[in-house]
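Structural characterization, general
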Amino acid sequence: MGSLRNPIGPLPSTIYWRRRAVAATLIALLALLIVWAVTSGGGKGNTDDSRPGGSGPARSITPGPSQSGPAISQQPGGRDESGDSGSGGEDNSGTGAGSDGGNGDGGTDTGSGSDTGAGGVSGSGATTGEQVPAGSSLPDCATGALQLSLSTEVSYSPGEKPKFRLIAKNTSSTTCKADFGPKSAVLTITEAGGDDSQVWSSKDCPRNAGSLLLKVPAGSTVVHTVEWDRKKSTPQCATPPAETAGPGTYLVEAKAPGEPVRRASFVLAKD
């Protein structure tokens, strides 16, 4: 008994007492753990045995509110320009009828409803706008029926021809026709800054100055693309300057009857 009270060994007695305290604590914790495991297991067993499987009523699941509209209301990005696919703007390759040029070699109009090119937004619901004759029985698109927008690339490398896209969305429930001819849907290019002098306009002595009527189905979007060859133009079929537009920042403006003016800017990069 004396050895229990006064530990015998080469180390101080306090060390032996500490060891004994740690061992006693571990034994107590182990005992508590065993008691907890036994009582917890027994409680679950009693609970499970007291209720036969499936004796209680199943909980009803109340369905959530159903949606009356489509799951996705618009395409990623929030744009209306259906029928474009690419990587940056609303660029389109133009698949349609009609080719109108500016004066001599100013611009080329491509009447098209669904275009694809570098820099667009994919639109699965787009329809191709077909060119219709002047005597078509389709009604003219009413004022306010079309939502027009204008887009172009931010920058064009040397030698690359800028493309401008007039995007028309028919918000009405009536299929109609709209005039995208060079003197109706007028595109005008000016130099940014300075006196904003005009560089080119689609109405300056175009080769095909007549109407370019495109069918715009109800609720659909069509795209009309105009390509500019960087050559300048002058009104009244006067002789245009021989030089082409140089590097710099330019503004393009689109104006159609009954519609607000749409503008976009672009850069002709240096060599």
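**Quick look at the packing of aromatic side chains**
Within the structure shown, the criterion is met by six aromatic pairs. Ring geometry for Trp-228 and Tyr-250: centres 6.4 Å apart, planes at 65°, overall edge-to-face. Within this pair, whereas Trp-228 is found in strand β10 (residues 221–228), its partner Tyr-250 is found in strand β11 (residues 248–255), the two being separated by 22 residues in sequence. Accessibility classification places Trp-228 together with Tyr-250 in one group, the buried group. Taken together, the aromatic side chains of Tyr-156, Phe-164, Trp-200, Trp-228, Tyr-250 and Phe-266 make up a single cluster linked through ring pairs. A cation over a ring is seen here: Arg-20 above Trp-17, with NZ or CZ 4.9 Å from the ring centre.

**Describing the pairing of strand β7 (residues 186–191)**
Taking burial as the measure, the six residues of β7 include five buried ones, the bulk of the element. As defined by bridge partners, β7 adjoins β11 across six bridges and the pair is classed as antiparallel. Counted as the bridge partner of Leu-187 is Ala-254 from β11.

**Digging into the side chain of Glu-259**
As for its position among the elements, Glu-259 is in the loop between β11 and β12 (262–268). Arg-262 is the oppositely charged side chain nearest to the buried, salt-bridge-free Glu-259, at an N-O distance of 5.2 Å. With residues near it in sequence (within four places) discarded, Glu-259 still touches Gly-144, Leu-146 and Leu-148.

**Quick notes on the pattern of salt bridges**
Applying the stated criterion across every chain yields a total of three salt bridges. For Lys-177, the salt bridge goes to Asp-140, with nearest N and O atoms at 3.1 Å. With Lys-177 in strand β6 (residues 176–179) and Asp-140 in the loop between β2 (107–112) and β3 (146–151), the pair connects residues that are 37 residues apart, well separated along the chain. Owing to a relative accessible area of 9%, Lys-177 belongs among the buried residues under this scheme. The class for Asp-140 is exposed, based on a relative accessible area of 55%. We note a salt bridge from Lys-232 to Glu-243, for which the minimum N-O separation is 3.6 Å. In this pair, Lys-232 is assigned in the loop between β10 and β11 and Glu-243 in the loop between β10 and β11, connecting sequence segments 11 residues apart. In this structure Lys-232 comes out as partly exposed when scored by relative accessible area, which is 22%. According to the relative accessible area criterion, Glu-243 is partly exposed, its value standing at 43%.

**Quick notes on the pairing of β12**
Both strand β4 (residues 155–156) and β12 contribute to a ladder of two bridges, which runs parallel. Each residue of the ladder has a partner; that of Tyr-156, found in β12, is Leu-268. By the bridge criterion, seven bridges tie β11 to β12 in an arrangement that is antiparallel. Pairing of Tyr-250 across the sheet is with Phe-266, part of β12.

Cut-offs applied
- Residues numbered from 1 in each chain as written.
- Predicted model: local features only at pLDDT ≥ 70, side-chain atom pairs only at ≥ 80, totals over all residues.
- Heavy atoms only, no water.
- Phe/Tyr/Trp six-rings, centres within 6.5 Å; stacked < 30°, edge-to-face > 60°.
- Helix = DSSP H or I, 4+ residues; strand = E, 2+ residues; numbered from the N terminus.
- Buried < 20%, exposed > 50% of the residue type's maximum accessible area, 1.4 Å probe, protein only.
- Lys NZ or Arg CZ within 6 Å of the ring centre and 35° of its normal.
- Pairing = 2+ DSSP bridges.
- Lys, Arg positive; Asp, Glu negative; His and termini not counted.
- Salt bridge = Lys/Arg side-chain N within 4 Å of Asp/Glu carboxyl O.
- Contact = heavy atoms within 4.5 Å.

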